[in-house]
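For reference, the chains in residue letters:
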Amino acid sequence: MESPDLARMRETYARDGLDESQAGDDPLHLFGRWLDDAVSSQIHEPNAMALATATPDGRPSVRIVLLKGIDDSGMTFYTNYESRKGHELEANPRAAAAMLWHPLQRQVRVEGPVTRIADEDSDAYFHSRPHGSQLGALASPQSTVIADRSALVAYYADAARAYGDGEVPRPAYWGGYRIELESIEFWQGRESRLHDRLRYVRAGSAWTRERLAP
Ligand SMILES: Cc1cc2nc3c(=O)[nH]c(=O)nc-3n(C[C@H](O)[C@H](O)[C@H](O)COP(=O)(O)O)c2cc1C
């Protein structure tokens, strides 16, 4: 089988630019505009982001999660607190995340400390999810080794038997984390690899904006 020639794969980036006057002083406002663009461009799961965590001795790991909220206090996602990422965040409560809106030739990167959100907020989100997803969260010992697929199906069946169509209590091991935004960078692909990169860094209650070389 002939494999694709990775070395010859290249894309021209020339869709758009990002200058300081367009970007403005408020990165959350800019993020909102870019997210709207991603939604109106019908990008599939525009809220998907790669989330990087690390052990205290600096071994990184990365996976996709879904962004479920963003405001001045940070970016929220939901997961199993006892998963690999959960353990890493409890021991080393910092994360970085990147979102790719490829058809728009845009990337957003954030970094900052991570905290659990309030239990009431996790409850509210958990109960807004489809019933099957609630049972799935309850049933899955995320990131642990399991014997086979049938073991997982059996855990789910146990949860379904216990709760039927009734309300599923949010398990204590499942909930939200918030990444407090210390920095947020917007990348717009440009011609000849002269991409635009604007990074906002939190300075107290305000932001400073700086341009990075691509
Ligand atoms: C598109 C997509 C969205 C996902 N969203 C989430 C999510 O919001 N929360 C989550 O815990 N896992 C999500 N996952 C699964 C994670 O990528 C990962 O497999 C899981 O969280 C276990 O990661 P860990 O073992 O590093 O903790 C998603 C995966 C994909 C591909």
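Only a predicted model underlies this, so the values are computations on that prediction, with no experimental measurement involved.

Caption draft 1: Just the pairing of strand β4 (residues 74–80), in detail. In the sheet, strand β3 (residues 69–71) pairs with β4 via three bridges, with the strands oriented antiparallel. By the bridge assignment for β4, Gly 69 is matched with Thr 76. Where β4 and strand β7 (residues 174–179) come together, six bridges link them in antiparallel fashion. Bridge pairing in β7 places Thr 76 opposite Arg 178.

Caption draft 2: Representation of the site of the ligand in the model. Near the ligand lie 16 residues; those nearest to it are Thr 79, Ser 83, Arg 84, Lys 85 and Ser 143. Residue assignment for the shell around the ligand shows that the elements contributing at least two residues are β2 (60–66), β4 and α3 (84–91). Per-element accounting of the shell around the ligand gives the leading share, five residues, to β2.

Caption draft 3: Seen up close, the nonpolar core. In this structure, Met 75, Ala 97, Val 108, Val 110 and Ile 179 are the most contacted members of the largest nonpolar core, which totals 26 residues. For this core, the elements supplying multiple residues, two or more each, are α2 (27–40), β1 (48–54), β4, β5 (94–101), β6 (106–116), β7, β8 (183–188) and β9 (196–203). Of the residues forming this core, the biggest block, four residues, is contributed by α2. The contact partners of Met 75, leaving out residues within four places of it in the chain, are Leu 67, Ile 70, Ala 97, Val 110, Arg 178, Ile 179 and Leu 181. By size, the runner-up hydrophobic cluster in this structure holds six residues, among which are Phe 126, Leu 135, Ala 137 and Leu 138.

Caption draft 4: Representation of unusual backbone geometry in the model. Here the phi dihedral of Ser 192 falls at roughly 55°; this positive angle occurs in a residue that is not glycine. The topology assignment puts Ser 192 in the loop between β8 and β9. One non-glycine residue with positive phi stands out, namely Arg 193, at about 65°. Counting through the fold element by element, Arg 193 comes out in the loop between β8 and β9. Judged by the 10 C-beta atoms lying within 10 Å of it, Arg 193 is exposed.

Caption draft 5: View of the environment of Pro 171. Here Pro 171 lies in the loop between α6 (149–163) and β7. Judged by local crowding, Pro 171 falls into the partly exposed class, with 17 C-beta atoms found within 10 Å. A sequence separation of 22 residues divides Pro 171 from Arg 149, and the C-alpha atoms of the two residues are 22 Å apart.

Caption draft 6: Seen up close, the pairing of β9. Both β8 and β9 contribute to a ladder of six bridges, which runs antiparallel. Looking at the pairing, Ile 184 lines up with Tyr 200 of β9. From the end of β9 to the start of strand β10 (residues 206–211), which pair antiparallel, there are two residues, and Gly 204 there has a positive phi angle of about 70°.

Caption draft 7: Quick look at α3. The set of residues buried in α3 consists of Lys 85, Gly 86, Glu 88 and Leu 89. Buried positions in α3, seen along its axis, are confined to an arc of 165° and lie on one side of it. Along α3, the residues that are exposed and aim more than 90 degrees away from the buried face are Glu 90 and Ala 91. Buried residues belonging to α3 abut β1, β2, β4, β5, β6 and β7.

Caption draft 8: View of the environment of Arg 106. Among the structural elements, Arg 106 can be located in strand β6. A tally of 23 C-beta atoms within 10 Å means that Arg 106 is categorised as buried. With 56 residues separating them along the chain, Arg 106 and Ala 50 place their C-alpha atoms 14 Å apart. Excluding residues that lie within four positions of it along the chain, Arg 106 makes contacts with Trp 34, Trp 101, Trp 187 and Gln 188.

Caption draft 9: Examining the environment of Ala 14 more closely. Within the secondary structure, Ala 14 is located in the segment before α1 (20–23). Filtering out sequence-adjacent residues up to four positions away, Ala 14 remains in contact with Arg 190 and Glu 191.

Caption draft 10: The arrangement of the packing of helix α5 (residues 131–139) against α6 in detail. Running from N to C, α5 and α6 cross one another at 120°; their axes reach a closest spacing of 9 Å. When the interaxial angle is binned, α5 and α6 end up oblique. Here α5 and α6 pass one another in a crossing that is right-handed. Every residue of α6 that contacts α5 at Leu 135, Gly 136, Leu 138 and Ala 139 is listed here: Tyr 155, Tyr 156, Ala 159, Ala 160 and Tyr 163.

Rules used throughout
- Residues numbered from 1 in each chain as written.
- Predicted model: local features only at pLDDT ≥ 70, side-chain atom pairs only at ≥ 80, totals over all residues.
- Pairing = 2+ DSSP bridges.
- Helix = DSSP H or I, 4+ residues; strand = E, 2+ residues; numbered from the N terminus.
- Near = placed C-beta within 6 Å.
- Core = buried A, V, L, I, M, F, W, Y, C linked by C-beta atoms within 7 Å.
- Buried ≥ 20, exposed ≤ 12 C-beta atoms within 10 Å, placed from the backbone.
- Contact = placed C-beta atoms within 7 Å.
- Arc of directions from axis to C-beta.
- Axes fitted to C-alpha atoms, helices over the stretch in contact; angles between N-to-C directions.
- Parallel < 35°, antiparallel > 145°, perpendicular 65-115°, else oblique.
- Left-handed = near helix turned anticlockwise from the far one by under 90°.

Read these as spatial facts, not as claims about activity.
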